[in-house]
Amino acid sequence: MNTLRRIVSTATSRIATQYHGLLGMQNKVFRGADAVGNRYYEYEDPDHERPKIRRMVDYKSDPDPSSIPPLWAHWLSFRREQAPSEQEIKSVDDRLAALKEKVKKIDDADAKLRMQEIADRGGQSAPSVSSNPVYFQAAVGRHRDKEAGRSPTQTLPQQDQTARRHLDTPYKSQHPE
C-alpha cells in the first residue's frame, strides 16, 4: 500500500508541476523574432518561492539550436539583459557580410599568388610543410638559425642526428608495470 501511495504521489506531483509550467507559459511575453522566423519569449515560472524569469524560443520549423543567431543565444542564456534590437542585429549582419567579403578577397589573392609561384617553378607545386615531417623540421630549424644569427649549414648535421636518435629511442611507459 505504501508503494502505491508513493507512485500516486509522485505522479500527482509531476502532473501538478507540468500544469503550473503551462500556467506560467500562458503569461509569456513576446520579445522578438529572428530572420529565420524563430520567436523568442520571456515568462515567469510560478514553481519557485520567488518568481523566476524563464526565456524560451518557439522554432519556426524543426527544433535546431544551431539556427539560433548568437545575439539571441546570448539572451536565452542570460548573458545579456535585454533582447537584441533590430539595429544590433543589422549591425552584426553587416559586420559578418564585410568579414566574408574580406575573406573572399584574401582567398582570391592567395590563389593568384599560388598560381604565380607554380608558374615560376615551371609547373611544379611546392612541397607541403605539414605532410613532410623532415621538411617541417628543416623549416623550423632554418627559422631558429635565422633568429640566432647562424647559417643553416652549421646546425643541420646536429639536428639530423637528434632527429635520428629520437626516432630510434623505443617508447617507454611512464607507469611501471
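Before any of the text, the structure's been laid out above.
Draft legend 1. Main features of helix H3 (residues 86-120). Along its 35 residues, H3 runs 51 Å from first to last C-alpha, staying within 8% of the 51 Å computed at 1.5 Å per residue. In the segment just after H3, Gly 122 is the residue with positive phi, at about 80°.

Draft legend 2. Examining the packing of aromatic side chains more closely. What the rule picks out here adds up to three aromatic pairs. The interplanar angle of 5° and the centroid separation of 4.1 Å between the aromatic rings of Tyr 40 and Trp 72 together place this pair among those described as stacked. One end of the pair, Tyr 40, is in strand E2 (residues 39-45); the other, Trp 72, is in helix H2 (residues 70-76), and 32 residues separate them in sequence. Assigned by exposure class, Tyr 40 and Trp 72 land together as buried. Trp 72 sits in the buried class, given a relative accessible area of 2%. Three or more aromatic residues joined by ring pairs form one cluster here, namely Tyr 40, Trp 72 and Trp 75.

Draft legend 3. Spatial organisation of the sheet that holds E2. Read across the open sheet, the three strands follow the order E1-E2-E3; overall the sheet is antiparallel. Edge positions in the sheet fall to strand E1 (29-33) and strand E3 (52-58), since each has one partner strand and no second. Recorded for the sheet is a direction-independent mean angle of 25° between the axes of neighbouring strands. Both E1 and E2 contribute to a ladder of four bridges, which runs antiparallel. The residue of E2 that forms the bridge with Ala 33 is Arg 39.

Cut-offs used in this document
Residues numbered from 1 in each chain as written. Predicted model: local features only at pLDDT ≥ 70, side-chain atom pairs only at ≥ 80, totals over all residues. Heavy atoms only, no water. Helix = DSSP H or I, 4+ residues; strand = E, 2+ residues; numbered from the N terminus. Expected span 1.5 Å × (residues − 1). Phe/Tyr/Trp six-rings, centres within 6.5 Å; stacked < 30°, edge-to-face > 60°. Buried < 20%, exposed > 50% of the residue type's maximum accessible area, 1.4 Å probe, protein only. Pairing = 2+ DSSP bridges. Axes fitted to C-alpha atoms, helices over the stretch in contact; angles between N-to-C directions.

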